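Structure at a glance
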Amino acid sequence: MCGLCGTFAPDGTLDRGVTAAMQSRLVHRGPDETYSFNTPILSMKLGRLGMTALADGWQPTEDRSGRYVAMTNGEVFNEPELRTRLGGPRPANRVDVAVVPELFARYGPDGLALIDGQFATAIFDRAENQLYLGRDRFGVCPLYYADVDGLTHFCSELKPLVSSVPVQWQLDVGAVDQYLSLGNVVAPRTLVRGVRAVPPGCLVRFGAHAPTTLRYWRYGEFAVADQPASAEEIRDTVQRAVADRLRADVEIGAYLSGGFDSTTLVMEAARLQEKPPRTFSVLFDDAALDEGRFQREVADAVGSEHHQIRCSPAHVAAEFEQMVRHCCYPQRETYNVAALMLSRQVRLTGLKGVISGEGADELFFGYDSYAFDGARRRTRDPRAENEQAWGRADFAWEVDWRKVERRRELCLAPGTTAALAGQEFWRDRLIPFDDHELGELTPMQLRSIADVYVQLGGHLLGDHGDTMLMANSVEGRYPFLGNSVVDLGLRTADTQKVVDFEGKACLKQAYDGIVPQPVLHRAKQGFTAYGLSAIADQPTLAAWRELVADSGVFRPDALDALVAAQTPDKWDVRLSVISISMVIDELGLRL
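In short, a report on the structure. Owing to the predicted nature of the structure, the values given are computational and were not obtained by experimental measurement.

Moving on: helix H24 (residues 558-565). Since the α-helix packs 3.6 residues into each turn, any two residues three or four apart lie on the same face. Where H24 is concerned, the buried positions are Ala558, Leu559, Ala561 and Leu562. End-on, the buried residues of H24 take up no more than an arc of 165°, which puts them together on one face. Looking at the packing, one finds that the buried side of H24 touches helix H14 (401-411), helix H23 (538-551) and helix H25 (573-587). Residue glutamine 566 follows H24 closely and has a positive phi angle near 50°.

The structure is reproduced here in structure tokens:
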């Protein structure tokens, strides 16, 4: 994983200083080497975090004809298979992402669908003077862009882009509404008006005409097999994905939460290697949050060198604002501080990469909500807003419309409410399916698609995953998002995934007798941390109230109004209001 940035100026008015400024703010993503590519209309830089081909790999890379040149952040885990498919002599450049421009030259945008990996890429077509910005299937690697005065600026992180391009940036109130309603900002939206995220599974083409988004893959093409996969097939599929993501010229460790997903990956990694991977876990002072005994049981079972860090309320209080100002993404909880501390520990031990269990819940229906969907005997009351957002009037995902209206009332200043008219979150289609296609899906399949596009791509792989890891120059790798595992999930029936109200049933049955029994049978426990009352003393809260009031976006008394309302909610909305105000202040945004 690396840091990618650049400026594309089709009219020739290129200022290379913007690219240099962005790169200087991305050093944490790629501290090992810096590569540059320059033409009269394009300037690109990539800061490398070296994982493979350390002695015989470099960027930019080209296809054989020299027409396409690319800078690529990330990993192509099936590069050997792709090289065999493409044929021809093995190139001198052994970096795995060197296959990207060749795939594009041979197959066009569809070539990226062949990649089993995680990447963000900038591909320049020398013949047509066109630039393509692309992102992997699930959006593991972020990539943002902005068109300003005929120039396209792009960057792996939001903050370096906004801070380096001399524009008075404005807040996207529609994105604020997305977050207050969904607890997430959904690509291509960001909190900054005019800055877009390349959607997962897409390329965006730039040239003489307006940017065009080209989708090469989407999650949700369910095709249930006549016969369910056997336990052996499931284990073999997961093991191959783990093996691919352990392949590197540097040592790869493993995150170990103590839950089923991370435990499965650690057990497989230990079976694949002579020496088990080093494992990393977080401990909490609050017994209700702490999973230490499960973590230790797994580490002891595989004999790993286990590293535990303790995250206390004092740690969260000290680092919460710093964390928000780094990632410039709203927060629902405080656990990203624990994630930041954990990646710091990984780097202190000398490691550059870890495997992690994200994706299993979304693909194999691990959240409790799937079981409730499967047991529901009547449809929800239809709403036109649902139909516009999701393509189904009877599907609302996690949205409680009464609470959405109440949050707006308690949080937004009058001017923001007025500005929001016509930009409410539901006016965008949030998943890439049309109404007819959505009508063919089961409730659990539809929820899985929404979970992937709303929660996994933007948050779990984004500010919680990539941004917290790369803040300390650590790469995350996700075996459950391997192509073969995803295919397995898409052809597995709902009834194999949820059995007797237990999600991921097929996975758990496959690993019965391998994963320790206390972990196998424990209830689902999401990764969480301390609440606002545990981390913020009165002076801190006073300072944060001032940030909220100064934002001009929220009611000055929003934090107190939320407390006084005593409305039970899925998350502490005060954290969202506070963190959005921090981002507004950090980026100098105006309404």
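On to the packing of aromatic side chains, then. How two aromatic rings sit relative to each other is set out by the distance from centre to centre and by the angle between their planes. One pass over the full model with this rule turns up 17 aromatic pairs. Taken together, a centroid distance of 6.2 Å and an interplanar angle of 40° make the contact between tryptophan 390 and tryptophan 397 tilted. Residue tryptophan 397 is classed as buried on the basis of its relative accessible area, which comes to 3%. Here the aromatic residues Phe138, Trp217, Tyr219 and Phe222 are joined through ring pairs into a cluster of three or more. A cation sits over an aromatic face here: arginine 218 above phenylalanine 433, 4.0 Å from the ring centre. In this structure, lysine 497 is placed above the aromatic ring of phenylalanine 364, and the distance from its NZ or CZ to the ring centre is 5.9 Å.

By size, the foremost hydrophobic cluster in this structure holds 177 residues, and its most contacted members are Phe138, Trp169, Tyr219, Phe320, Trp390 and Phe554. At 13 residues, helix H17 (residues 443-470) tops the list of elements feeding residues into this core. In this view, tyrosine 219 contacts Phe138, Glu362, Leu363, Phe433, Ser448, Ile449, Val452, Tyr453, Val486 and Leu490; residues no more than four positions away in its chain are not counted.

With that settled, consider the packing of H14 against H24. The interhelical angle for the contact between H14 and H24, taken along N-to-C directions, is 135°, at an axis separation of 8 Å. Relative to H24, the element H14 lies oblique. Packed against H14, whose contacting residues are Arg406, Leu410 and Cys411, the element H24 presents Ala558, Ala561, Leu562 and Ala565 at the interface. Here the residues of the contact of H14 with H24 are counted per class, giving six nonpolar, no polar and one charged.

Now for the state of the cysteines. Throughout the structure, instances matching the rule amount to zero disulfides. Here cysteine 155 is not cross-linked by a disulfide; its sulfur's nearest cysteine counterpart is in cysteine 5, at 5.4 Å. Unpaired in terms of disulfides, cysteine 311 finds its nearest cysteine sulfur in cysteine 327, a separation of 15 Å.

A word on unusual backbone geometry. Residues other than glycine predominantly adopt negative phi, and peptide bonds predominantly adopt the trans conformation. Residue proline 60 follows glutamine 59 across a cis peptide bond; omega there is 5°. Tracing the backbone through its elements, the reader meets proline 60 in the loop between strand E3 (42-48) and strand E4 (61-62). Look at aspartate 149: it is not a glycine, yet its phi comes out positive at around 55°. One can find aspartate 149 in the loop between strand E8 (144-148) and strand E9 (151-155). Here aspartate 149 falls in the exposed class, since its relative accessible area comes to 72%. With phi around 55°, tryptophan 397 is a residue other than glycine that occupies positive phi space. Within the secondary structure, tryptophan 397 sits in the loop between helix H13 (384-390) and H14.

So, on to the side chain of arginine 392. Tracing the sequence through the fold places arginine 392 in the loop between H13 and H14. Setting aside anything within four residues of it in sequence, one finds arginine 392 in contact with Asn386, Glu387, Leu438, Gly439, Leu441 and Leu446.

In this section: the sheet that holds strand E19 (residues 475-477). Ordered in space as E17-E16-E15-E18-E19, the five strands form an open sheet in which the pairing is parallel. Each edge of the open sheet is held by one strand with a lone partner, namely strand E17 (306-311) and E19. Pairs of neighbouring strands in the sheet enclose a mean axial angle of 30°, with direction left out of account. With six bridges connecting them, strand E16 (residues 279-284) and E17 associate as parallel partners. Looking at the pairing, serine 281 lines up with glutamine 308 of E17. Strand contacts of helix H8 (residues 292-302): E16 and E17, with the helix running at about 170° to E17, the strand carrying the most contacts.

Spatially, the six strands line up as an open sheet ordered E2-E3-E1-E9-E8-E12, and their pairing is antiparallel. Every interior strand has two partners, whereas the edge strands, strand E2 (33-38) and strand E12 (195-197), have only one. Going across the sheet, the axis of each strand differs from the next one's by a mean of 15°, ignoring polarity. Note that E8 and E9 share five bridges and pair antiparallel. The residue bridging tyrosine 145 from the neighbouring strand is phenylalanine 154, located in E9.

Let us now look at the environment of leucine 82. If you trace the backbone, leucine 82 turns up in helix H2 (residues 79-86). Judged by relative accessible area, which is 4%, leucine 82 ranks as buried. With 309 residues separating them along the chain, leucine 82 and glycine 391 place their C-alpha atoms 36 Å apart. Each residue touching leucine 82, except ones within four places of it in the same chain, is listed here: Val76, Val99, Leu103, Leu114 and Ile115.

Here we come to the side chain of aspartate 244. When you line up the elements, aspartate 244 lands in helix H6 (residues 231-246). Overall, the relative accessible area of 17% leaves aspartate 244 in the buried class. For aspartate 244, the residues in contact, after removing those within four places along its chain, are Phe77, Asp116 and Arg477.

This part takes up the packing of helix H5 (residues 173-182) against H14. As a packed pair, H5 and H14 sit with axes 9 Å apart at the nearest point and diverge in direction by 125°. Put simply, H5 runs oblique to H14. Considering only the axes of H5 and H14, their crossing is right-handed. Counting all contacts with H5, which are made through Asp177, Leu180 and Ser181, the residues of H14 involved are Val404, Arg407, Arg408 and Cys411.

Reading the values: the criteria
Residues numbered from 1 in each chain as written. Predicted model: local features only at pLDDT ≥ 70, side-chain atom pairs only at ≥ 80, totals over all residues. Heavy atoms only, no water. Buried < 20%, exposed > 50% of the residue type's maximum accessible area, 1.4 Å probe, protein only. Helix = DSSP H or I, 4+ residues; strand = E, 2+ residues; numbered from the N terminus. Arc of directions from axis to C-beta. Contact = heavy atoms within 4.5 Å. Phe/Tyr/Trp six-rings, centres within 6.5 Å; stacked < 30°, edge-to-face > 60°. Lys NZ or Arg CZ within 6 Å of the ring centre and 35° of its normal. Core = buried A, V, L, I, M, F, W, Y, C linked by side-chain atoms within 4.5 Å. Axes fitted to C-alpha atoms, helices over the stretch in contact; angles between N-to-C directions. Parallel < 35°, antiparallel > 145°, perpendicular 65-115°, else oblique. Nonpolar A, V, L, I, M, F, W, Y, C, P; charged D, E, K, R; others polar. Disulfide = S-S within 2.5 Å. Pairing = 2+ DSSP bridges. Left-handed = near helix turned anticlockwise from the far one by under 90°.

Structural measurements only, silent on function.
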